[in-house]
Amino acid sequence: MSLRGLRLTGTTLAAVGLLLMLTVYGLSFFWVPTEVAQGVIQRIFYVHVPAAWVAFMAFGLVALTSAMYLWLRDERLDRAALSAAEGGMVFATVVITTGPLWARVAWGTYWTWEPRLTLTLLLWFVYLGYFLVRGSAENPERGKRFAAVVGIVGALDIPLIHLSVLWFRSLHPKPVVAKPEGPTLPAPMLITLLLGLLAFTLVFLGLFLLRYTLQTLRDAADARDRRATV
Amino acid sequence: MSEYLGQVRAIVWKDLILEFRTRERVAAMGAFAVLAAVLFNYAIDRTAVRPQTIASGLIWMTIVFGGLLGIGRTFHLEHEDGALQGVLMTSAPKDAIFLGKTLANFLLLYLVAIIVVAVFTLFFGLDLGPRLDLLAAVIALGALGFVALGTLFSAVSSGTRMGETLLPILVFPLLLPMVVYGTQATGRILAARPAAEVTANLRMLTAFALVAMATGAGLFRYVVEE
């Protein structure tokens, strides 16, 4: 697909996603019934869970495109990995800000060592390392390789981290752990959640394509600059 | 196969001789361990907490912080005088070089871990008891995974402007499994609980070490290629 086509697709996806996101906000405020045990705060669920889904999906995408970059050395794969990592960082930030807000009301404390919360926090720092390595490498080509390695090792270690935080929690059971999800979700809640997942995924894909386009233009401009100075 | 092992052994031997002649890294790590134990001792209110109950966590954190100090300089000397290029140009496969470096680091770190445990035993009045073999296995497995990740990312960070400052950011998020299983197992051993209570931890530490070694050996070539 041409660059122009990518930009158009990205803009369309992001726009549709944002419109859908507004719809989800509307639904979650006015249509979905209030959860009995937790009250109004449970409505943050419709932002928190889709953002988490996207953050983890993006991380998978980073690992996949990084591995393929190391194998095939196609610049496009590296651009895709970078774009996915930036998108993932944004949504991971959404997760670790909405999580404590919800936890403050539902569990009575901003921070608990709830497994998924811990995992997302660590994931956020793996992303941070990804960008730091990329930015501080002695030359750009090396930065791409280093970043790819960070992305892959992070993804491989994630299952072990997840297991160990689950393990840790089993030692220290908390008094109340409200679990909003489950198969017994009422239909309006389930529909809103699914729409939320769709909206966040579309926004992510749109931003991903736009970021990818931007990086392609940037690389092209850099190459032009280098030719002009030589 | 025997050629491969010979190459690994050559790297291990070279790094150990280098360390034996300079004594920089072990000295720094060992001094760090002893001094950290002294500071920890005064950071704890002994009337509020029994030092023995939190010793396992402190032991592991000292190994991690002190170890990173030395592991971060794995490639430092070789980087400075360009000897790394020479090593990389030999016919040894990159994974053999990685495994050699990791094993050499492991031996150094294990030495430091022995110092750490000895110092904490002395300062905190721990009773290592009859389970010393188990403790040795727990620390060996945890250290192996740690060293594998540390060596890989030490190669990464030494190729950046940020250098060793970057290392904790890259390594700490990935160390969680080691800290969780290692600390729990060590705590149980120090509390003289039955050996069966740590077998699951040993299994998870083995898994962590294997994953770390395998990913490191697989990805090292992409870090050092030029």
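The shown structure was predicted, so the numbers you read here are calculated from the model rather than taken from an experiment. (Residues numbered from 1 in each chain as written. Chains lettered and ligands numbered in written order. Predicted model: local features only at pLDDT ≥ 70, side-chain atom pairs only at ≥ 80, totals over all residues.)

1. Overview of the overall build of chain B
Point 1. Scanning chain B for helices and strands turns up 10 helices and 0 strands.
Point 2. Each helix and strand of chain B, placed in order from N terminus to C terminus, yields the pattern α-α-α-α-α-α-α-α-α-α.
Point 3. A compact globule built from 226 residues would reach a C-alpha radius of gyration of about 17 Å, and chain B, at 18 Å, matches this within 12%.
Point 4. With the principal axes as the frame, chain B shows a C-alpha extent of 55 × 35 × 30 Å.
Point 5. By residue count, 46% of the 226 residues in chain B fall in the buried class.
Point 6. Contacts in chain B between residues far apart in sequence, at least 24 positions, make up 85% of those at least 6 positions apart. (Helix = DSSP H or I, 4+ residues; strand = E, 2+ residues; numbered from the N terminus. Rg over C-alpha atoms; globule rule 2.2 N^0.38 Å. Buried ≥ 20, exposed ≤ 12 C-beta atoms within 10 Å, placed from the backbone. Contact = placed C-beta atoms within 7 Å.)

2. Focus: the overall build of chain A
Point 1. Summing up its helical and strand segments, chain A has 6 helices and 0 strands in all.
Point 2. Each principal axis of the C-alpha distribution contributes one length, and for chain A these read about 70 × 40 × 25 Å.
Point 3. By residue count, 40% of the 230 residues in chain A fall in the buried class.
Point 4. Contacts spanning at least 24 positions in sequence make up 80% of the contacts within chain A whose residues lie at least 6 apart.

3. A closer look at the interface of chain B and chain A
Point 1. If you look at the interface, chain B gives 21 residues, while chain A gives 27 residues.
Point 2. The leading source of residues in the side of chain B that touches chain A is helix α10 (residues 199-224) of chain B, at 7 residues.
Point 3. By residue class, the composition of the side of chain B that touches chain A is 17 nonpolar, 3 polar and 1 charged. (Nonpolar A, V, L, I, M, F, W, Y, C, P; charged D, E, K, R; others polar.)

4. Regarding the confidence of the model for chain B
Point 1. When the pLDDT values of chain B are averaged, the result is 89; 100% of them are 70 or greater.
Point 2. Scored by ipTM, the complex comes to 0.87, with pTM at 0.88. (pLDDT = per-residue confidence, 0-100.)

5. Quick word on the packing of helix α3 (residues 51-71) of chain B against helix α6 (residues 94-124) of chain B
Two packed helices can be described by the angle between their axes and the distance between those axes.
All names here are of chain B.
Point 1. Packing of α3 against α6 brings their axes to within 9 Å, and their N-to-C directions diverge by 145°. In the packing of α3 onto α6, the handedness of the crossing is right-handed. Note on element contacts: α6 touches α3 through Asn-105, Leu-108, Leu-109, Val-112, Ala-113, Val-116, Val-117, Phe-120 and Phe-124, opposite Pro-51, Gln-52, Ala-55, Leu-58, Ile-59, Thr-62, Ile-63, Gly-66, Gly-67, Gly-70 and Ile-71.
Point 2. Taken together, the residues of the contact of α3 with α6 break down into 14 nonpolar, 6 polar and no charged. (Axes fitted to C-alpha atoms, helices over the stretch in contact; angles between N-to-C directions. Left-handed = near helix turned anticlockwise from the far one by under 90°.)

6. Some remarks on the environment of Val87(B)
Point 1. Residue placement: Val87(B) occurs in helix α5 (residues 83-89).
Point 2. Apart from residues no more than four positions distant in its own chain, Val87(B) is found in contact with Glu78(B) and Ile97(B).

7. Structural notes on α10(B)
Point 1. In this model α10(B) runs 37 Å from its N-terminal to its C-terminal C-alpha over 26 residues, within 8% of the 38 Å that 1.5 Å per residue would give.
Point 2. Along its length, α10(B) reaches its greatest deviation from straightness, about 35°, at Gly218(B). (Expected span 1.5 Å × (residues − 1). Bend = angle between axes of the 7 residues up to and from the residue.)

8. A closer look at helix α3 (residues 75-106) of chain A
Point 1. Given a rise of 1.5 Å per residue, 32 residues ought to cover 46 Å, and the 46 Å separating the end C-alpha atoms of α3(A) matches this to within 8%.
Point 2. Looking one or two residues beyond α3(A), the residue adopting positive phi is Gly108(A), at roughly 85°.

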